[in-house]
Every structure is written in structure tokens, then in C-alpha cells.
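Letter by letter, the chains look like this.
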Amino acid sequence: METELRLGLPGGGGGGGGGGGGEGGGDQVVVMMRKRVFSETESQITTDDESSACVDLKLNLSSKDGSSTAEKSKSLMMNKNKEKNVDLPADPAKPPAKAQVVGWPPVRSFRKNMLSAQKSSTTDESKAGGNAALVKVSMDGAPYLRKVDLNMYKTYPQLSDALAKMFSSFTIGNCGSQGTIDFMNERKLMDLLNDSDYIPTYEDKDGDWMLVGDVPWEMFVESCKRLRIMKGKEAVGLAPRAMEKCKNRS
Amino acid sequence: MGDDPSSSSQMSEDDDDRSPPLDPSSSNKARNCSSGSGCDYIIPYPDQVLENVLENVLCFLTARQDRNAASLVCKSWYRAEALTRSGLFIGNCYAVSPRRATARFTRVRAVSIKGKPRFADFNLMPPNWGAHFRPWVSAMAKAYPWLEKVYLKRMSVTDDDLALLAESFPGFKELLLVCCDGFGTSGLAVVASKCRQLKVLDLIESEVLDDDVDWICCFPESLTCLESLIFDCVECHINFEALERLVMRSPLLKKLRLNRHVSIGQLHRLMVRAPQLTHLGTGSFSTLEGNPQGDQELDYVSAFAACKSLVCLSGFREILPDQLPAIYPVCANLTNLNFSYANITAEQLIPVIRHCHKLQIFWVLDSVCDEGLKAVAATCKELRELRVFPVNAREDTEGPVSEVGLQAISEGCRKLQSILYFCQRMTNAAVIAMSKNCPDLVVFRLCIMGRHRPDHATGESMDEGFGAIVMNCKKLTRLAVSGLLTDQAFSYIGQFGKLVRTLSVAFAGDSDMGLKYLLEGCPKLQKLEIRDSPFGDSALRSGLHHYYNMRFLWMSSCLLTREGCQDVAQALPRLVVEVMKSDEEEETGEYVDILYLYRSLEGQRDDIPKFVDIL
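Predicted model, so just to flag it, every value in this text is computed and none were measured.

What counts and what doesn't
- Residues numbered from 1 in each chain as written.
- Chains lettered and ligands numbered in written order.
- Predicted model: local features only at pLDDT ≥ 70, side-chain atom pairs only at ≥ 80, totals over all residues.
- Heavy atoms only, no water.
- Pairing = 2+ DSSP bridges.
- Helix = DSSP H or I, 4+ residues; strand = E, 2+ residues; numbered from the N terminus.
- Axes fitted to C-alpha atoms, helices over the stretch in contact; angles between N-to-C directions.
- Disulfide = S-S within 2.5 Å.
- Buried < 20%, exposed > 50% of the residue type's maximum accessible area, 1.4 Å probe, protein only.
- Parallel < 35°, antiparallel > 145°, perpendicular 65-115°, else oblique.
- Contact = heavy atoms within 4.5 Å.
- Nonpolar A, V, L, I, M, F, W, Y, C, P; charged D, E, K, R; others polar.
- Arc of directions from axis to C-beta.
- Phe/Tyr/Trp six-rings, centres within 6.5 Å; stacked < 30°, edge-to-face > 60°.

S.K.: Summarise the sheet that holds strand S5 (residues 226-231) of chain A; cite the residues concerned and give the values.
M.R.: Across a sheet, strands are paired by hydrogen bonds formed along the backbone, either parallel or antiparallel in direction. Residue and element names in this part refer to chain A. Overall, mixed pairing links the five strands, which are arranged S2-S1-S5-S3-S4 in an open sheet. Of all strands in the sheet, those bounded by a partner on one side alone are strand S2 (146-149) and strand S4 (209-211). Ignoring which end each strand starts from, the neighbouring axes of this sheet average 35° apart.

In C-alpha cells, the structure reads:
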């Protein structure tokens, strides 16, 4: 239960009034009722002291010529009015369907996902990601492994980004989003083996360890059993095998 | 009671910041009486007595606003208050540094920290903005060895952070993570295994990564202290046998909220083990792959009937509506019922709700329609809080709930204090009715999902409805507006919303005047979030007198220019003014995408991501 203690300051009421009010120290006491700041009472206190939060705000707000911004907001207003006119139920026809806006209505994605997951299971729709392609991801040197749903991504760069984010807290040196590899390109892969510290590899259906990126995305999702992000040195041995397998396929 | 320099220096010498909380005899630092007779008796300083008294009295002050007021009286009150504050609340993790907070408050047992602004929940802010728990847990590990409780909301927490927490606080008892992310089951495993005194592990609407670690197994093998285990948001499968054994060796367990991977049959087994539960999250409330036939034959009614203390029921993630009658035995005692994941019709709701006479908190999906809400209004006379969520969170569908449901609720539930209502159409009349019928309203959040939708019956704006709310609901502190709104609505809020602390605005207003009304009229405004409204630099400037009193201001997709934001940053040195792009790829346009400003003692934070500029 809040007791609502207030400072009984000389010359003022217990609180309320214009800006600020005295309800607790959470709201800094401003201008009207001015408490002596600590720096005024005790010389030893450093400027870091929290009492400096009791700032005496005496701002001279210049009255700028706001004509240009007023015009801008007017024209925007006009546009908004146009938009609004469309909505007014002048006739009983339904308003035109609108494109969905980011973050609107304000329902947390957690909740949205829950409900759409329920609906798809009851109506037997197979939405993208309805069958999760969960694979374990381990990274050499990281204390924890992760799981990713490969169906959440459409391209290698997307997966690459996600992995980088997942493991960014564990990477040593200059990895992270800068250090992720563009592994769409076979040639680049070979180049990067010498440069990068970490190389993503995967175990395919045959049990072989392959470099990520040497097959089309869909085929990769199909055959990937799990992912391992290896240190560059260990991955070097893989490259020739990967190339061969690649050639054999094509 | 003045500031006696000599007594203050003695206090600081003797102050052992690492000692356990206050023991009255230990603070009896007095001077010896040097007298000729050689007897040594202790005379306490006059101030000493007052300080002792003060410290003992201050222990009774728990509300932080009161404590803040007490700390401003004078230096010795400041010190005494700092020594006796055991619960530390940080409303914005960037407003103060961990170092500063731990230096001032040295005997803290419980910490609450809030991070990201609320609009981040709706993907309005790019990921990895900040709010890292790491610097806080590192500082607290050194400063608060007796820490018992951590509550985090919208913070980024890693598994390493959880590991550090588990290792640093031997007496740790309560961990509550609300809307957090960045950690996985590995982090939970460390907490479960190392926090031997753990009473509360509550994971609420947090994103938990699946590391394939069986964290349920990690709890100690002996009897546990667990009183609350909430993991309904955890999307990973759990080891049910281990959970059952855990429940069996947790005799103090009162709150258990299961995730949707627990079938109704498994729920039955747990309920039989724990009839003492007061709060139950029922998991899927459905038969999963396991044993559909067997599950359906179990006697759920008896299981519920045995739970005589049950007051709070939630879950129902994949509900089998046929099983709903099983909960009848507990309905009469329920004070809190959460059906917000249960896609049920009015027909399915009515037989349940008509038993719930004591219900105070009710969350539901709009699938129950106005019809269902009427039934709620007819029975739940004690209702304090109602939340109606949309099954279809889209703008252009016909909605199942409307002004009819709102009107009914206002007439039936006169004690209503808090409402969150999503709908596709609304009228001023219904909102005005609620403002008159429910004078105790503290929280009014109405979300008309179609942007700029006017009053469905009259075609007018919704100004009058929201105006009535601020006029008639004298206790209102939190408001969220929607629908077609002109500057007039804001004029009303500025005029009458004198207690409003939190305000959420979207797709509303005509001009700068709207925002000016708010900033000039609402002295208690602490948290203001605005999106897609035509407010520009001039309006922003009109709040300069007030920004130091606020926790934050968020404005996205408004008419602010970088220069306008710069002006504010220059005028108010203790304000951190962050300007962000919502999409890294896009060109910076004429207007700022996102403005997020907040007061801070620390200046610019040192962990800003690429997409943030601090002016």
C-alpha cells in the first residue's frame, strides 16, 4: 500500500500544481518547488551523485518559425483525410482491404503464432514450416548446442545470418555477422577456408560431412541431418571430398 | 537532525557494505566517554540514536516512491534509506549504470530491471537493440552476494548470464523472466541444478531456445523448495517422467503452468500428484500423439474436484472442448481464468462461465463473440480485469465482438478496473457507457483494429468516447486509444487525464496540436508511445519541460526530422535521444523512422547496434 509520502517544502504545498508535483522522488521536483541540491549543501559530494537529477530547468524555448513543418503536416493531414474519407461508411459497401502494417494490430507474435499453429493443426493445412526440419547445430568451442528449423529459411544467406546471431556470443576474434561466409559460391568457399576461422559443415543422409553451400538450397534441406560449425583448420580436409561428391552429382 | 560532518565520516568508516542486512546492535557506533574515573561507558551520538531509529523505521517503507521521497529529505536520510532498501527497481536499464546503482544501494535482496520499450514486442524495432542483462549480472555478482530475487522484463539474457547468476548467489530463490530472449534450455539447466534454494522459476512470454537439454532433470534429486514453476511459453518438449518425479518431490509447489507439449492425460497424472495447487496452467488440454484413447477415458472431473485450493486456471492450448466440463468443480472458486488460447465458441463458454461467480480476472479470445461476453457480464459481478484478444489479428475481417459486448460488460461488471479489448467496430455510445458504469477504471485499452475507423453507428470520430473515459474515470492511469481520432481527443486527454502515466497512440491526430495537448496537459505522463501519427518537431519541442520527468518517449513513423530531434538532444543534456532506422536496407528519408528518448545519468550507452544513432 502506497503511503504517498511527500516533501513538505517551504513556500509550497505538499505537491501537485503545474509541472512535476511532489509525489515521491520518482518525479523530479521541477522549477516551482526547488529542493536544495546536494552539491549546495555538502562540498564533498561528487557530481556523480544522483541528486543532480533534481535539475532546475529554466529553458528558453525559442519560438521558431514553424511554418514549413506546419505546411508539411497540413499536406499529410490532407492525405490522411483522404484516407479517412475512404473509410467513412458513406455507403454500406465494406472498406477496401488494406495491406497489413508491421506491428498492427498490437498482438505479440508469440500469441499470433500460437493461434495460427492451432488453426493449421485443426484444419490440416500444411503451412510453410508446418513440418519442422529441426537439426542440431553445434559449434566447435561453444558450450551449448542449438536447434534450427531449416524450413524457416529460404536461402543460405538467411541461414548464415541466423547462425551468426545464434552463436555471436561465443565467437572469438572477428567473427559475428561480419565473419559469416557467403557460402553460395563454391569458389569463395575455397578462398575463405584459408581466411575464416569458422566453417559451417553438415552431415548428410549418407553420413558424410559436407561443406554447407555446395548444393541447391532445397537439396540441402532435404539431406541435412545436422550442422557443425568447425574451426577452419579441421574443415580443410573436407574440401576435396566435397568437390568430388559435387562433381559426381552433376 | 542536521548534517554533522563528524558523525557522517564516522559512519562511512564503520560502514561495512558487505555485511548482511541491518542488525540494530551492530550499528551502535558510539564514542567512548573518556573520563578521569577510568570507567568506560558508551554515549551514543544524538544523531546516532536518530539514525538507528530511522533505519528501523525505514524498513517498513516498501513502496519505492515513498523511499525516493524519504531519500531526498537530507543526507543522513539518504544514507539510511540507501542502506535499508532491499528491493531495487530499475524501470529503464539504461537510465542508470549497474555500477552506480550497486554503489548507492549496498544491501539489496531483490532486483527488477526493465529493458526494451513495449513497441519492440510488435516488431517495430530491429532485433539486437540492446537491454543486455550481462553488465547487470556481472556487477551484482560482486555487489550482492545475498541476492535472492531477479525479475527481468524485455531484457536480453544469455545462457552465460544465467550460469553466472546461478554460481554467484548461493541463497538465490526467485527468477522471473517476462518477455525476455537470448537464452535456451541450457541456461535453465544451470539454474535448476545450481540454485538449490530455488522457490520460483517463472518464464512468461519469453522466447526459449531449444538446445536439446533436459533441464527438468537438472533439479536436485532431494525434496525441492519449489513453490512456482511456470514454463507455458517454452516451446520445447520436456521429459514428462522427470517432471512428474519433480512434482512428487516438491511438496510446497503451488503454481504450475505447463507448456503445450503436455497432454491432457499427463496433466491428469500431475494433478493427482499435486492437489494442493493454487495456480494451474493446463498445457494442451488435448490428447497428443501419445495415447488418445486412454487419455479420453480418464476421470478428469475427480482430478479437478480434488484440487480444492485452485484459484487460477490457464493453458488450454489445443483445447478439446468436450473436456471442458471437467473444470466445473473448480469454477466456483476461480478468481483468475485465462482462456486466451482457447478457440471456443459462446456455446462452449457459457456453461463454464455461469459457475464463475468469484472471477476477478478473465482473459478470453473474441471467438466467444458478444454473446459470450454477455454471459460474462451476467455472472461475473466481481470482475476487475478483462482482456479480449483477437483470433484473427487482421484489419479487414468482420469481427465477432463489437460495441455490444463492451456495453454488456460495462453494465454487468461495475467493479471493472482494467480492460483490454480488441475489436473491429465500436461506437462512442458504448465507450461513454463504460466510462459512466465503471468509475473504478484504472486501465482502459481499446484497440479498434481497423486503422482510422470511425464510430460504427454515427460515422463520427471516436473523440467523444475517449473524452468521456478521461472525464469520468477519475482513477485512470493507463490509456490506449485507437479508431478515428482528431486533435480534439488529445485536447480532452490533456484537459482531464491528470493521472495518466502510460499512454499508447497509433494512427491518430491531425496536427502538432494533438501531441502538444498531451505534453502540456498531463503532468504525470511517464511513458508515451506513439506510432504513425502526424506529430512533428514543433510538437516534440513542446515537451522539453517534461522529458526529465518521463521514463521514455517513443515516436515512430511520425513527422520528426533529425534536426528536430537534435534540438531536443542539445536542449536536454541528461536525455539520451536515440534515432533508429526500422529497416537497415532502406534509404534514410526526410523523417526519422524511430525516435526513442529517455532520461539517463550515464549519457550515451556503449552497446549501440549499427542501426541506432545517438544524437
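S.K.: Could you give an account of the state of the cysteines, naming the residues involved and the relevant values?
M.R.: When the sulfur atoms of two cysteines share a covalent bond, that bond is a disulfide. All names here are of chain B. Taken as a whole and assessed by the stated rule, the structure comprises zero disulfides over all chains. Considering cysteine sulfurs only, Cys356 is the nearest to Cys331, which forms no disulfide, with 3.9 Å between them. Look at Cys331 and you get buried, because its relative accessible area is 0%. A disulfide-free cysteine, Cys369 has its sulfur positioned 13 Å from the sulfur of Cys423, the nearest such atom.

S.K.: Go over the packing of helix H7 (residues 159-168) of chain B against helix H8 (residues 185-194) of chain B, please, and point to the residues and values.
M.R.: Residues and elements named next belong to chain B. At a closest axis distance of 8 Å, the pairing of H7 and H8 adopts a crossing angle of 5°. When the interaxial angle is binned, H7 and H8 end up roughly parallel. Residues Asp159, Leu162, Ala163, Ala166 and Glu167 of H7 lie in contact with H8, whose contacting residues are Ser186, Gly187, Leu188, Val190, Val191 and Lys194. The residue makeup of the contact of H7 with H8, split by class, is six nonpolar, two polar and three charged.

S.K.: Explain helix H22 (residues 562-571) of chain B residue by residue, including any values.
M.R.: Every α-helix carries 3.6 residues per turn, so stepping three or four residues along brings you back to the same face. Residues and elements named next belong to chain B. When H22 is considered as a whole, its buried residues turn out to be Gly564, Cys565, Val568 and Ala569. Buried residues in H22, looked at end-on, bunch into an arc of 140°, giving them a common side. Set apart from the buried face of H22 by more than 90 degrees, the exposed residues are Glu563 and Gln570. Structurally, H22 contributes buried residues whose contacts are with helix H21 (537-541), strand S23 (575-580) and strand S24 (594-599).

S.K.: Before we move on, can you summarise unusual backbone geometry with the specific residues and values?
M.R.: Omega for the bond connecting Trp104 of chain A with Pro105 of chain A falls within 30 degrees of zero, at -5°, which places this linkage in the cis form. With respect to the element layout, Pro105 of chain A can be found in the loop between helix H2 (67-87) and helix H3 (109-123). One non-glycine residue, Phe285 of chain B, lies in the positive phi region at around 55°. Topologically, Phe285 of chain B is positioned in the loop between strand S12 (279-282) and helix H11 (292-297). For Phe285 of chain B, a relative accessible area of 1% gives the class buried. The phi torsion at Asp532 of chain B lies on the positive side, around 50°, for a residue other than glycine. Within the secondary structure, Asp532 of chain B sits in the loop between strand S21 (527-531) and H21. Looking at Asp532 of chain B, the relative accessible area reads 18%, which means it is buried.

S.K.: Give me the lowdown on the side chain of Ser538 of chain B, citing residues and values where you can.
M.R.: Within the element layout of this structure, Ser538 of chain B appears in helix H21. If we skip the residues at most four places from it in the chain, Ser538 of chain B touches Asp512 and Lys516 of chain B.

S.K.: So, the packing of aromatic side chains: which residues are in play, and what are the values?
M.R.: Any two aromatic rings considered together are summarised by their centre-to-centre distance and by the angle between their planes. All names here are of chain A. Scanning the entire structure with this criterion turns up 23 aromatic pairs over all chains. For the ring pair Tyr156 and Trp217, a centre distance of 5.1 Å and an interplane angle of 85° mean the geometry is edge-to-face. Of this pair, Tyr156 sits in helix H4 (residues 156-167) while Trp217 sits in helix H6 (residues 217-223), placing them 61 residues apart in sequence. Given a relative accessible area of 3%, Tyr156 falls into the buried group. Exposure remark for Trp217: the relative accessible area of 11% places this residue in the buried category.

S.K.: Describe in detail the environment of Leu229 of chain B, supporting the description with residues and values.
M.R.: All names here are of chain B. Here Leu229 shows up in strand S10 (residues 228-230). Classification of Leu229 by relative accessible area gives buried; the value is 2%. With sequence-adjacent residues up to four places away left out, Leu229 is seen in contact with Leu201, Asp202, Trp215, Phe219, Leu243, Leu246, Leu253, Lys255, Leu256 and Arg257.

S.K.: Quick one: what's the story with helix H17 (residues 428-437) of chain B, residue by residue and with numbers?
M.R.: Residues and elements named next belong to chain B. Most of H17 sits inside the fold, with seven of its 10 residues counted as buried. Residues of H17 that are buried include every one of Asn428, Ala430, Val431, Ala433, Met434, Ser435 and Asn437, and no others. Looking at the buried positions of H17, the neighbouring elements they touch are helix H16 (403-412), strand S17 (418-423), strand S18 (443-448) and helix H18 (463-472).

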